[in-house]
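Each chain, written out:
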2 protein chains.
Amino acid sequence: MTRVFNFSPGPATLPEPVLRQAAAEMLDWHGSGMSVMEMSHRGKEFMSIHAEAEDLLAELMGIPANYQILFMQGGAIGENAIVPMNLIGATGRADYVLTGDWSKKSAKEAKTYGTVNVAATAEASKFTAIPKQSQWTLDPGASYVHICSNETIGGVQFHWTPDTGKVPLVADMSSDILSRPIPVEKYGLIYAGAQKNIGPSGLTIVVVRKDLLGHALPITPSAFNYKIQGEADSMYNTPPTYAIYIAGLVLKHVKALGGMPAMAEHNAVKAKILYDFLDQSSFFRSPIAKEDRSLMNVTFWLKDEKLDDPFVQGAKQRAIVGIKGHRSVGGMRASIYNAMSVEGVQALVKYMQEFERSHG
Amino acid sequence: MTRVFNFSPGPATLPEPVLRQAAAEMLDWHGSGMSVMEMSHRGKEFMSIHAEAEDLLAELMGIPANYQILFMQGGAIGENAIVPMNLIGATGRADYVLTGDWSKKSAKEAKTYGTVNVAATAEASKFTAIPKQSQWTLDPGASYVHICSNETIGGVQFHWTPDTGKVPLVADMSSDILSRPIPVEKYGLIYAGAQKNIGPSGLTIVVVRKDLLGHALPITPSAFNYKIQGEADSMYNTPPTYAIYIAGLVLKHVKALGGMPAMAEHNAVKAKILYDFLDQSSFFRSPIAKEDRSLMNVTFWLKDEKLDDPFVQGAKQRAIVGIKGHRSVGGMRASIYNAMSVEGVQALVKYMQEFERSHG
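Residues numbered from 1 in each chain as written. Chains lettered and ligands numbered in written order. Predicted model: local features only at pLDDT ≥ 70, side-chain atom pairs only at ≥ 80, totals over all residues. Heavy atoms only, no water.

A. The interface of chain A and chain B, seen in detail. Contacts between the two partners involve 62 residues from chain A and, on the opposite side, 62 residues from chain B. Of the roughly 4,700 Å² buried at the junction of chain A and chain B (both faces included), carbon and sulfur atoms supply 62%. If you sort the residues of chain A by the area they bury against chain B, Leu 27, Met 37 and Glu 38 of chain A come out on top, with a joint share of 15%. If you look at where chain A meets chain B, you find 2 salt bridges. A salt bridge links Arg 3 of chain B to Glu 38 of chain A; the nearest nitrogen and oxygen atoms lie 2.7 Å apart. Secondary structure elements with two or more residues in the side of chain A that touches chain B: helix H1 (16-24), helix H3 (75-87), helix H4 (101-110) and helix H6 (241-257) of chain A. It is H3 of chain A that contributes the most residues to the side of chain A that touches chain B, 6 residues altogether. The class makeup of the residues in the side of chain A that touches chain B is 30 nonpolar, 23 polar and 9 charged. (Contact = heavy atoms within 4.5 Å. Buried area = accessible area lost by both parts, 1.4 Å probe. Salt bridge = Lys/Arg side-chain N within 4 Å of Asp/Glu carboxyl O. Helix = DSSP H or I, 4+ residues; strand = E, 2+ residues; numbered from the N terminus. Nonpolar A, V, L, I, M, F, W, Y, C, P; charged D, E, K, R; others polar.)

Following this line, the structure appears as structure tokens:
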């Protein structure tokens, strides 16, 4: 068995010890005589798995007690509708900051449920930088301000926390949740698809300040109503049990490695290796403003796009996969989430150096 | 390792060979160097897994070409809103047949999205029988007629297919999909949470006649819009990839066992063992009308409910778990889906005989 270096943007590489444990426990979890997949979600075995995952998330992220943690379904694209359904009813209006494909998509979907104000957009610069807060036009009567903390496709990331005063800040953190310490108390709501830094696809994490609940539009489906799900501890419908179990194993693994400070350091080291190489190369380039570069998704372009395919094919020969850029923007993208090793990034850069020498 | 006899109503027992294969492939699927959990949903490896699961479902259920198969999220409770969001817009009205807790819940949720007519209800008989079609009051102008083909909590099941004329028949088949041959062409839409007969929770199967699409209410979230998901082959958002993979393994296993005719025979044998025992017992009883008894969820009551707890505890001593009835109705329930063996049912009946002798 040879494991590849998997730079896919999500679903993405997972820690090998987690996969080994999941394999070992597949037919019999802790002497229960059952796979976690087979457990009733209301039985004491799964309830303990569920509670442990929730506790670990709260501990690792430093989630205050006045926040509700929800395990939902539908991913970030589902949340694009579910967030406004639950929150926009407070005033009927919301602010959106556009920093790339994901935040644009969020704003577009939200228009179905209320009035959307584009508080700032980086579209003119082709989303290669995050608009400074001095350039934002915030609506003091908005129900919330929405940002995407890390744009998986474009490769820009917030390295600062916006100040939205009394208006709650809502963040799609799908691709950088758990990658660094975050001041959760500065956010009204954080949501994330699990399939980058947490676990398998099919699980969505929502962390919401409890006082924001209670404004759901009447057309909100019960299964996607935060208040209803909160009161049922995310069991109003059957939760994605196996995905929650894997998430719990990942969280435990991250905790053992040192939690958020350790992840932040690990991720900074990996990103520096890649960006340092890109900055000195005359063959590869990163178009992203230095202060806004993503530490999770490193986008880069080859000098000549005719070499894209040979580059991807040559990578595969070296067990380096998932580096093709998103079809909407082209180029390359190395997604280097928590579970990507320094060795993986070093192997990629070594390959890039060789490719540059032979094709430069 | 001792595997238990798991009679849980869902998530539920899965075929052991499926779990063994999943464990063996956990770190490296077919030489890809990746777990299925780690694969990009748009990569060729996962695309092949997805396509195979879809093809197997179509083959096993005999799904005609004018039907769209969707792999969704949110379970049957999610579908309680998603179905009317997508279909009720045709005329603004829908018929619901109430046969227990699940269909009642479906009808209640649908009222948010249009006018709901209760075409028939068995509430007067405490849902111990399915109302005969001669007792139904159908609205010829309804967008659809909704039934629940098997009530997981109450233990009644349709053993006939309603004739709704030109009005499409919609069925929640969460707890009996794949348990027997079904004339799919007589249904407009079939939906099912996967966690009983198909695989892990977090995956929802929807099979819908294509000509019914295009009436989604404007407030339908894109991720839950059948037309949008159909055009994207269920990849408008990241699908629950690992759950789809396990479902594919289960479907392959079911096919190898002989498909729907073999499942129907297997399930009839198991149910007969249990019901035959209940009918001759003066200690245990089934309150359900004989012609409407579920072959999937066998509900039964002890003579004295004070013996419920000792009965459940004694069962656990014999590695028989998950037999407590739903908290809303009490009593006992043995869920005997496809993956429950004849041996498991025999072990349960043997225990019931012993318990009756010592407590009767």
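B. Layout of the packing of helix H3 (residues 75-87) of chain B against helix H4 (residues 101-110) of chain B. Residue and element names in this part refer to chain B. At a closest axis distance of 9 Å, the pairing of H3 and H4 adopts a crossing angle of 45 degrees. As judged from the angle between their axes, H3 and H4 are oblique. Of the two elements, H3 crosses H4, and the hand of that crossing is right-handed. The residues of H4 that touch H3, namely those facing Ile 77, Asn 80, Ala 81 and Pro 84, are Trp 102, Lys 105, Ser 106, Glu 109 and Ala 110. A per-class count over the contact of H3 with H4 returns 5 nonpolar, 2 polar and 2 charged. (Axes fitted to C-alpha atoms, helices over the stretch in contact; angles between N-to-C directions. Parallel < 35°, antiparallel > 145°, perpendicular 65-115°, else oblique. Left-handed = near helix turned anticlockwise from the far one by under 90°.)

C. Seen up close, the packing of helix H8 (residues 308-317) of chain A against helix H9 (residues 342-359) of chain A. Residues and elements named next belong to chain A. Relative orientation of the contacting elements H8 and H9 amounts to 135 degrees, with a least axis distance of 11 Å. For the element pair H8 / H9, the angle class is oblique. When the axes of H8 and H9 are compared, the crossing they make is right-handed. Seen from H8, the contacting residues are Pro 310, Phe 311, Gly 314 and Ala 315; seen from H9, they are Tyr 351, Met 352 and Phe 355. A breakdown of the residues in the contact of H8 with H9 according to their chemical character gives 6 nonpolar, 1 polar and no charged.

D. Spotlight on the pairing of strand S8 (residues 204-209) of chain B. All names here are of chain B. Among the 6 residues that make up S8, 5 are buried, leaving the element largely enclosed by the rest of the structure. With 5 bridges connecting them, strand S7 (residues 189-193) and S8 associate as antiparallel partners. The residue bridging Leu 189 from the neighbouring strand is Val 208, located in S8. (Buried < 20%, exposed > 50% of the residue type's maximum accessible area, 1.4 Å probe, protein only. Pairing = 2+ DSSP bridges.)

E. Broad picture of the relation of the copies chain A and chain B. Take chain A, turn it by 180 degrees, move it 0.0 Å along the axis, and it overlays chain B with an RMSD of 0.0 Å. Classification of the inter-copy transformation places it as that of a two-fold axis. The position closest to the rotation axis in chain A is occupied by the C-alpha of Ala 23 of chain A, lying 2.2 Å away. (Least-squares fit on C-alpha atoms with pLDDT ≥ 70 in both.)

F. Spatial organisation of the sheet that holds strand S9 (residues 284-285) of chain A. Residue and element names in this part refer to chain A. In spatial order, the strands read S9-S10-S12; together these 3 strands make up an open sheet with antiparallel pairing. Both outer strands of the open sheet, S9 and strand S12 (332-335), are each paired with one neighbouring strand and no more. One ladder, built from 2 bridges, connects S9 with strand S10 (residues 297-302); its direction is antiparallel. By the bridge assignment, Phe 284 is partnered in S10 with Leu 302.

G. Summary view of the packing of aromatic side chains. Residues and elements named next belong to chain A. If you walk through the whole model with that rule in mind, you get 30 aromatic pairs over all chains. Taking 5.8 Å as the distance between ring centres and 45 degrees as the angle between the ring planes, the aromatic pair formed by Trp 136 and Trp 160 counts as tilted. You can see Trp 136 sitting in the loop between strand S4 (115-121) and strand S5 (145-148) and its partner Trp 160 sitting in the loop between S5 and strand S6 (169-172), a full 24 residues away along the chain. On the basis of relative accessibility, which here comes to 29%, the residue Trp 160 falls in the partly exposed class. Ring geometry for Phe 284 versus Phe 300: centroids 5.8 Å apart, planes at 80 degrees, classification edge-to-face. (Phe/Tyr/Trp six-rings, centres within 6.5 Å; stacked < 30°, edge-to-face > 60°.)

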